[in-house]
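# Observations on the three-dimensional arrangement
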Amino acid sequence: MTLRADTPPATADVRRFTPLQRWIHRTTAVLMGICVLTAACLYVPQLAELVGRRALVVTLHQWSGLALPVPVLAGLASRAFRADLGRLNRFGPHDRTWLRAALHRDKRPASRPAAKFNAGQKLYAAWIAGATLVMLATGLMMWFTHLTPLLWRTSATFVHDWLALTIGIVLAGHIGMALADPESRRGLRTGRVSRTWAEREHPLWRQ
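Since we're looking at a predicted model, the values are computed, not measured.

Here we take up a nonpolar patch on the surface. Residues Val134, Phe158, Val159, Trp162, Leu165 and Ile169 make up a contiguous nonpolar surface patch of about 600 Å² in total accessible area. It is helix α8 (residues 150-179) that contributes the most residues to the nonpolar patch, five residues altogether. By the element assignment, Phe158 lies in helix α8.

It is possible for side chains bearing opposite charge to pair when their charged atoms get close. Counted by the stated rule, this structure contains seven salt bridges. Ionic pairing is found between Asp84 and Arg87, a salt bridge with its closest N-O pair at 2.4 Å. Placement of the pair is Asp84 and Arg87 together in helix α5 (residues 79-88), with a separation of three residues, close to one helical turn. Asp106 is paired through a salt bridge with Arg108; the nearest N and O atoms lie 2.8 Å apart. Judged by relative accessible area, Asp106 falls into the buried class, the value being 18%. Through salt bridges with shared partners, a single network forms among Asp13, Glu183 and Arg186.

Given a rise of 1.5 Å per residue, 14 residues ought to cover 20 Å, and the 20 Å separating the end C-alpha atoms of helix α3 (residues 54-67) matches this to within 8%. Every buried residue belonging to α3 is among Val57, His61, Ser64 and Gly65, and all of these are buried. Projection of α3 onto a plane perpendicular to its axis shows the buried side chains occupying an angular sector of 100 degrees, all on one side. Turned more than 90 degrees away from the buried face of α3, the exposed residues are Ala55 and Trp63. Check the buried side of α3 and you find it contacts α1 (19-43), α2 (45-51), α7 (119-143) and α8.

Moving on, we come to the confidence of the model for the protein. Per-residue pLDDT for the protein averages 88, and the proportion of residues at 70 or more is 94%. In the model of the protein, α2 stands out as the element of lowest mean pLDDT, 81, in contrast to helix α4 (residues 70-75), which has the highest, 94. pLDDT under 50 marks residues 1-5. Its contacts with residues more than four places away, or in other chains, come to zero contacts.

A few words now on the nonpolar core. By size, the foremost hydrophobic cluster in this structure holds nine residues: Leu31, Met32, Leu68, Ile128, Ala131, Met135, Leu163, Ile167 and Leu171. Those elements giving two or more residues to this core turn out to be α1, α7 and α8. Ignoring any residue separated from it by four or fewer positions in sequence, one finds Ile128 in contact with Met32 and Ile167. Within the second largest apolar cluster, five residues are counted, among which are Val14, Val193, Trp197 and Ala198.

Here we come to the side chain of His61. The topology assignment puts His61 in helix α3. In this structure the side chain of His61 is engaged in a polar contact, spanning 2.9 Å, whose partner is the side chain of Thr38. When sequence neighbours within four positions are dropped, the list of residues in contact with His61 reads Cys35, Thr38, Ala39, Leu42 and His160.

What counts and what doesn't
Residues numbered from 1 in each chain as written. Predicted model: local features only at pLDDT ≥ 70, side-chain atom pairs only at ≥ 80, totals over all residues. Heavy atoms only, no water. Patch = residues over 30% accessible without salt bridge, like charges linked within 9 Å, V, L, I, M, F, W, Y side chains within 5 Å. Areas by Shrake-Rupley, 256 points an atom, 1.4 Å probe, with all protein chains shown as cover. Salt bridge = Lys/Arg side-chain N within 4 Å of Asp/Glu carboxyl O. Helix = DSSP H or I, 4+ residues; strand = E, 2+ residues; numbered from the N terminus. Buried < 20%, exposed > 50% of the residue type's maximum accessible area, 1.4 Å probe, protein only. Expected span 1.5 Å × (residues − 1). Arc of directions from axis to C-beta. Contact = heavy atoms within 4.5 Å. pLDDT = per-residue confidence, 0-100. Core = buried A, V, L, I, M, F, W, Y, C linked by side-chain atoms within 4.5 Å. Polar contact = N/O pair within 3.5 Å; in protein donor to acceptor, adjacent residues only side chain to side chain.

What follows is the structure, encoded as structure tokens:
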């Protein structure tokens, strides 16, 4: 019995992300990293003293924050990227099953069905997108002080500062989970993952 020519071997890699999708992720990660590091230098006295040049740090923080949505907006020209946004925006019954297993710390692959993105990744994507928009809006209020009343600016500063702390904590968790999954990092680095990993971690994904 012979295999068909178009049947991929069981050990073959499968493409998970296109070069443009990887560029979007890397560029967004760099901009977010600059935002977080400059924010830390602005709010932690020890770091502020170590770095100095507060005006430069403020400028870097403002412009990196303003540029943060640009990679995603540019990526909308890609059909593959738009398709992934659609997948991230849809929740199905299998996602509820995945979340229940996560809440009960059930790590068996069979108890966590997932398509191309699991429920945790979908929640993270939705949360970080919303948080980024709120940070952008409140940051603009703080930057252009003449556009809004004092009460608005005071409220914006409160929201901006506390949401920044929350984003830092969530990003630390995101990076920690990525460090624990080398194959997932390989997918973002090279665009390809092993078929074995895809079938184990994302059994509902049809490549």
